[in-house]
Amino acid sequence: MIKETYAKCYRLSEKYNGYISTSELLREGLTNRQIAQFVSCGMLEKVCYGIYWFSCADYSKPCDYKAIEICRSNPRAVICADSACFYQGLIETEPPAVSVATRRDDRSKIAMSFPVTRHYYSGNGFSEHQKTVNTDFGQYAVYDIERSVCDCIRFKDTIDDDIFCLVIERYRQQETAKDRLICYAEKLHALNQVKKYI
């Protein structure tokens, strides 16, 4: 591959600031063969179907890259439960798998290079208590703390025991938000479950 092509990939890494889609690469004049060569030589990392990261760039992935990449893979996905607690700073230990919420009728694949636990939601409850986190490398949706603690309790069997205990311990130290947690638990029909732990 000629030096000018490598230089073009580097220039694109500055223009697109981290992530780029296959369609954007093609629109910038690269061929499918060149894209495959960039991946094989380590200039591009394939994140998921149709999304790449510029490994040749002068910057590193952000600490919340997993959340960003999941929501680039499926823009309708929401980071939930223990992972939402981690990304919002309730706990400092990263869960071994990223917990992701999608609508029950969403059949889009979320095939990542790291473990993902998917939870399917139905009804209006899916959209409530979400917030959008904007970063220099993209955005992702995440549930707020109280909703996430409720979900940790509801999904306890799918969450690492140590992480679950840490979430409950840290949340108990926050005196001001317990009324909101009880309110959320009632809406999610999880009040009896939540009262066991909080």
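Residues numbered from 1 in each chain as written. Predicted model: local features only at pLDDT ≥ 70, side-chain atom pairs only at ≥ 80, totals over all residues. Heavy atoms only, no water.

Draft legend 1. View of the sheet that holds strand β2 (residues 44-48). With respect to topology, three strands assemble into an open sheet ordered β1-β3-β2, the strand pairing being antiparallel. Each end of this open sheet is capped by a strand with a single partner; those strands are β1 (19-21) and β2. This sheet shows a mean twist of 35° between the axes of neighbouring strands, independent of strand direction. With four bridges joining them, β2 and strand β3 (residues 51-54) adopt antiparallel strand pairing. Along β3, the bridge assignment pairs Lys46 with Tyr52. In the packing of helix α4 (residues 65-73) onto the sheet, the strands contacted are β1, β2 and β3, and the crossing angle to β1 comes to about 15°. (Pairing = 2+ DSSP bridges. Helix = DSSP H or I, 4+ residues; strand = E, 2+ residues; numbered from the N terminus. Axes fitted to C-alpha atoms, helices over the stretch in contact; angles between N-to-C directions. Contact = heavy atoms within 4.5 Å.)

Draft legend 2. Expanded view of the pattern of salt bridges. The full count for this structure, using the stated rule, is nine salt bridges. The residue Lys61 makes a salt bridge to Glu69 at a minimum N-O spacing of 2.7 Å. Judged by its relative accessible area of 23%, Lys61 is partly exposed. Here Glu69 falls in the buried class, since its relative accessible area comes to 1%. Here Arg147 and Asp151 are joined by a salt bridge, their closest N and O atoms 3.3 Å apart. (Salt bridge = Lys/Arg side-chain N within 4 Å of Asp/Glu carboxyl O. Buried < 20%, exposed > 50% of the residue type's maximum accessible area, 1.4 Å probe, protein only.)

Draft legend 3. Highlighting the packing of aromatic side chains. For the structure shown, the criterion picks out ten aromatic pairs. An angle of 45° between the planes, with centres 5.9 Å apart, marks the rings of Tyr121 and Tyr143 as tilted. Of this pair, Tyr121 sits in strand β6 (residues 116-121) while Tyr143 sits in strand β8 (residues 138-143), and the two are 22 residues apart along the sequence. The same class applies to Tyr121 and to Tyr143, which are both buried. Over the aromatic face of Phe164 sits the side chain of Lys156, whose NZ or CZ is 5.0 Å from the ring centroid. (Phe/Tyr/Trp six-rings, centres within 6.5 Å; stacked < 30°, edge-to-face > 60°. Lys NZ or Arg CZ within 6 Å of the ring centre and 35° of its normal.)

Draft legend 4. Up close: the sheet that holds β8. One open sheet holds the five strands; their spatial order is β6-β5-β4-β8-β7, and the pairing between them is mixed. Lying at the two open borders of the sheet, with one neighbouring strand each, are β6 and β7 (130-135). In this sheet, β6 lies alongside strand β5 (residues 98-103) in parallel orientation, the contact comprising six bridges. Paired with Ser99 across the strands is Thr117, a residue of β6. Seen against the sheet, α4 touches β4 (78-79), β5, β6, β7 and β8 and runs at an angle of roughly 95° to β8. Lying on the sheet, helix α6 (residues 145-154) is in contact with β6 and β8; it crosses β8 at an angle near 65°.

Draft legend 5. How the structure looks around the side chain of Ser13. Tracing the sequence through the fold places Ser13 in helix α1 (residues 3-16). Beyond its immediate sequence surroundings of up to four residues, Ser13 is in contact with Gly18, Phe54, Cys56, Ala57 and Tyr59.

Draft legend 6. Molecular detail of the layout of surface pockets. In this structure, the largest pocket encloses a volume near 160 Å³. Forming the walls of the largest pocket are Arg104, Tyr120, Tyr121, Ser122, Gly125, Phe126, Arg147, Arg154, Phe155, Lys187, Leu188 and His189. Sorting the residues of the lining of the largest pocket by element identifies β6 and α6 as the ones contributing at least two each. Its residues assigned to classes, the lining of the largest pocket shows five nonpolar, three polar and four charged. (1 Å grid on protein atoms, 1.4 Å probe; cavity = no way out; pocket = protein on both sides within 12 Å on 5 of 7 lines; lining within 4 Å. Points joined across faces, edges and corners; volume = space filled by probe spheres on them. Nonpolar A, V, L, I, M, F, W, Y, C, P; charged D, E, K, R; others polar.)

Draft legend 7. View of the state of the cysteines. Under the counting rule described, the total for this entry stands at zero disulfides. Among the cysteines around Cys85, which has no disulfide bond, Cys152 carries the closest sulfur, lying 4.2 Å off. Overall, Cys85 belongs to the buried group, its relative accessible area being 0%. (Disulfide = S-S within 2.5 Å.)

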